[in-house]
Amino acid sequence: MVTAPTGIVVGLDGSEQGNCALIWAAREAQRRRRPLHLVTAYSVPIFAASGLDGGYATVDDDVIRQGAEAVLQQAAAKVADYNIELDARVENGDAAGVLREMSETAELLVFGSRGKGGFVGRLLGSVSSALPAHSKCPTVTVPLSCAGRLGEPVEQASGRHGKSDSININARSAEVLDVVTVGVDGSDRARLAVLLAAEQARRADRTLRVVCAIPPFNGSLSWVPAPLDRDAVFRDINEQLAAGKRWLASHFPGLLIETELVEGPPVEVLIRETKSSELVVLGTRGRGGFAGMLLGSTTDGVLHHAKGPVMVVRDKGGDPRLADRAEFGPVFKG
């Protein structure tokens, strides 16, 4: 029997996206003092024969498994210098399904986004689309574009000369602030996201930045029959943000907290935050809430275009940390 993972699980497929996720996960495991589980998964493809005799042809399972094991060996060597407990496992089955099952006991799932190439060439693409909405624990998606933050060189083809050049994006790391940003919209789904973002900021000794974005009044709200007092709406939401900030400060003494109300399309606002924040935290599948900012479509939009790591948190209504949620303030708690 293989012990169910209880620490941080990182999904790998040998791609550059997977390597970025690996480095981020190793740093987080060291920070949290939690074990790191390296995982890759595969299923053996079956091809229908075209001959008159019918039947099926299969690919040698041993060959594929050896390739998967090689991916994990390389990954383990890459993070060997980190002061973490480490294990690696190859699983047979659909990657998204395997990691979804592991999320039942894991503390955090980490993976790259839109993997291309690598082992089987499809693990990260399917996983990054399916898991954030279905995982039982928080997930972190690490895009290739933040490789420079992690000290990872990236091979990218030059469109002009057709050559492959190693791109050093380390200069961009100077733009990344020591900030953990969380998006709030008043939905119930944002509650736990705020708490986990605060815990992450305190653990990493970072500033917590709470952002609420509302669509421009001249667009999505033009259907409202009665005119809205824009200044009054902004004033009311800022008061709610201030109340939420006081609540957080009482539960996380010493944590530096900033709040900001931004007028603009939520997806665009949050994507912009991923460029300068060390981590952006979002809830998922919100229902209602102010402007419905954290609906699944918004979370998906941010994940597909993020320039930095994004944590997605599914609300657990029975979480004891939410027992006194009445003190939150409407923008934080719905």
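Now for a description of the structure that goes with this document. These figures come from a predicted structure and were not determined experimentally.

What counts and what doesn't
- Residues numbered from 1 in each chain as written.
- Predicted model: local features only at pLDDT ≥ 70, side-chain atom pairs only at ≥ 80, totals over all residues.
- Heavy atoms only, no water.
- Salt bridge = Lys/Arg side-chain N within 4 Å of Asp/Glu carboxyl O.
- Core = buried A, V, L, I, M, F, W, Y, C linked by side-chain atoms within 4.5 Å.
- Buried < 20%, exposed > 50% of the residue type's maximum accessible area, 1.4 Å probe, protein only.
- Helix = DSSP H or I, 4+ residues; strand = E, 2+ residues; numbered from the N terminus.
- Polar contact = N/O pair within 3.5 Å; in protein donor to acceptor, adjacent residues only side chain to side chain.
- Contact = heavy atoms within 4.5 Å.
- Pairing = 2+ DSSP bridges.
- Axes fitted to C-alpha atoms, helices over the stretch in contact; angles between N-to-C directions.

**Re the pattern of salt bridges**
So, step 1. Summed over all chains, the structure comprises 14 salt bridges.
So, step 2. Salt bridges here are not isolated pairs; linked through shared partners, they connect Glu-28, Arg-31, Arg-32, Arg-34, Glu-107, Asp-178, Arg-203, Arg-206 and Glu-278.

**Regarding the nonpolar core**
So, step 1. Residues Val-10, Leu-36, Val-110, Val-142, Leu-208, Leu-248 and Val-281 are the most contacted members of the largest nonpolar core, which totals 57 residues.
So, step 2. Within the second largest apolar cluster, twelve residues are counted, among which are Ala-41, Val-98, Leu-99 and Ala-106.

**Concerning the side chain of Arg-209**
So, step 1. Following the sequence through the fold, Arg-209 ends up in strand β11 (residues 207-214).
So, step 2. The exposure class assigned to Arg-209 is buried, which follows from its relative accessible area of 16%.
So, step 3. Here Glu-273 takes part through its side chain, which lies 2.8 Å from a polar atom of the side chain of Arg-209.
So, step 4. Those residues in contact with Arg-209 that lie beyond four places of it in its chain are Val-179, Val-180, Thr-181, Val-182, Glu-258, Glu-260 and Glu-273.

**Topic: the sheet that holds strand β10 (residues 179-183)**
So, step 1. On the basis of which strands lie adjacent, the open sheet formed by ten strands has the order β5-β2-β1-β6-β7-β14-β13-β10-β11-β12 and mixed pairing. Two strands bound the open sheet, and with one partner strand each, they are β5 (86-92) and β12 (257-263). Taken pair by pair, the neighbouring strands of this sheet meet at an average axis angle of 25°, ignoring direction.
So, step 2. Here β11 runs beside β12; their pairing, made up of seven bridges, is parallel. Directly across from Val-211, in β12, lies its bridge partner Glu-260.
So, step 3. In the packing of helix α2 (residues 61-78) onto the sheet, contacts are made with β2 (36-42) and β5, and the angle to β2 comes to roughly 155°.
So, step 4. Most of the contacts of helix α7 (residues 266-276) go to β11, to which it runs at about 160°, and overall it touches β10, β11, β12, β13 (279-283) and β14 (310-313).

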